[in-house]
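Now for the letters of each chain:
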Amino acid sequence: MSKVLSKETRPYFKTISGLILNQKETLAKTILDEERFDYSHLGNNRSRLEHLRMKLIHLYGETVSLPPAVSVERLKEWGAEYADIFVSLNIPLDRAIEEVHFYRTKIGIIIKEEAKMQKLDLDTFYELISEFDSVVDTAVLMVSTSYMEKHASNLETAGHEIDELSVPVVPLGDGVGILPMIGDIDTNRAQVLMENALRSSVDLKLDHLILDLSGVPIIDTMVAQKIHQVIQALELIGVKTKISGLRPELALTMTALGVEFNGVTTFSSLHLALQYLGFKREM
């Protein structure tokens, strides 16, 4: 946003700013009258969206006469709130941008009519349009940036929640729980594994936790180290760990990697691990 306006142009900007602000309700209603965007299914979010449309028009009228830094900050705040609606309702980014551009056209007509009335020369009219376009471009940038940031954040949160669901601790009663590990384990899932194991063991008041590897297709150094860290951390809070589901190929891989679980009892199947714990209790 340049805001390097000539002395001759500034008064016209003030006039146009006033015209936009005076007509903001009419302009906001225009998008509804033309039925360009049907959001009748949005419920309470519809009124919130309409409020933000009005706010955008107000900002268009206000920011054309404000210092660039102030304009950018206000448009940034508006863009974050506006994008939040579209992301939360899974409405594509191009629809949000289309709405922003819709008002560019309508306000462009206001500027054109005022220029004709004032009989402005071509250079002055071009300067007016260019500065207004700069404001609109900033609004589009803020919406796009906020939309992508919010979308990425939601994906990250969803991924974390999926990871948590994929490594649940299942209580069996009498202080025993199972943590079934299924699928490939990357760095993120390994971290979730540790956090889940510790938190759930405390919450469920476990004495024994069985880490079941039956559903893990492959073990690498990183996974083995993380499992070892989990076992050490659990030991510190008084939880004894057993490992089940060690198929021959997993055992061979871990041996080749030089992975050792000293002091940890391992079993080829979950059934044997449970049988072992039952026998210990009977003793």
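Parameters and conventions
- Residues numbered from 1 in each chain as written.
- Predicted model: local features only at pLDDT ≥ 70, side-chain atom pairs only at ≥ 80, totals over all residues.
- Heavy atoms only, no water.
- Salt bridge = Lys/Arg side-chain N within 4 Å of Asp/Glu carboxyl O.
- Helix = DSSP H or I, 4+ residues; strand = E, 2+ residues; numbered from the N terminus.
- Buried < 20%, exposed > 50% of the residue type's maximum accessible area, 1.4 Å probe, protein only.
- Axes fitted to C-alpha atoms, helices over the stretch in contact; angles between N-to-C directions.
- Parallel < 35°, antiparallel > 145°, perpendicular 65-115°, else oblique.
- Left-handed = near helix turned anticlockwise from the far one by under 90°.
- Contact = heavy atoms within 4.5 Å.
- Nonpolar A, V, L, I, M, F, W, Y, C, P; charged D, E, K, R; others polar.
- pLDDT = per-residue confidence, 0-100.
- Phe/Tyr/Trp six-rings, centres within 6.5 Å; stacked < 30°, edge-to-face > 60°.

## Section: the pattern of salt bridges
Part 1: Scanning the model with the defined rule gives five salt bridges in all.
Part 2: Between Arg104 and Asp137 there is a salt bridge, and its shortest N-O distance comes to 3.0 Å. On the criterion of sequence distance, the pair formed by Arg104 in helix α5 (residues 93-118) and Asp137 in helix α6 (residues 122-166) is long-range, its members being 33 residues apart.
Part 3: The class for Arg104 is buried, based on a relative accessible area of 19%.
Part 4: For Lys116, the salt bridge is made with Glu113, and the minimal N-O distance between the two is 3.9 Å. Of this pair, Lys116 and Glu113 both sit in helix α5, separated by three residues, roughly a single helical turn.
Part 5: Judged by relative accessible area, which is 38%, Glu113 ranks as partly exposed.
Part 6: Among the ionic contacts, a cluster of salt bridges with common partners joins Arg104, Asp133 and Asp137.

## Comments concerning the environment of Ser88
Part 1: Looking at the secondary structure, you find Ser88 in helix α4 (residues 68-88).
Part 2: Look at Ser88 and you get partly exposed, because its relative accessible area is 43%.
Part 3: Along the sequence, Ser88 and Lys150 sit 62 residues apart, while their C-alpha atoms lie 8.9 Å from each other.

## What to know about the packing of α4 against α5
Part 1: One way to put it is that α4 packs onto α5 with a least axis distance of 10 Å and a crossing angle of 130 degrees. In this view, α4 runs oblique relative to α5, as classed from their interaxial angle. As for how α4 packs across α5, the hand of that crossing is right-handed. Judged by residue contacts, Trp78, Tyr82 and Phe86 of α4 engage Arg95, Ala96, Glu99 and Val100 from α5.
Part 2: Of the residues that constitute the contact of α4 with α5, the class distribution is five nonpolar, no polar and two charged.

## Focus on the confidence of the model for the chain
Part 1: When pLDDT is averaged along the chain, the result is 77, and 83% of the positions lie at 70 or above.
Part 2: Helix α2 (residues 24-33) is the least confidently modelled element of the chain, averaging 70 in pLDDT, while strand β4 (residues 240-244) averages 90, the highest of any element.
Part 3: When the criterion is pLDDT under 50, residues 279-283 qualifies, and its contacts beyond four places in sequence or with other chains add up to four contacts.

## Considerations on the packing of aromatic side chains
Part 1: Summed over all chains, the structure comprises three aromatic pairs.
Part 2: Residues Trp78 and Tyr82 carry aromatic rings whose centres are separated by 4.5 Å and whose planes lie at 25 degrees to one another, so their mutual orientation is stacked. With Trp78 and Tyr82 both in helix α4 and four residues apart, this pair spans about one turn of that helix. A single burial state applies to Trp78 and to Tyr82, both of which are buried.

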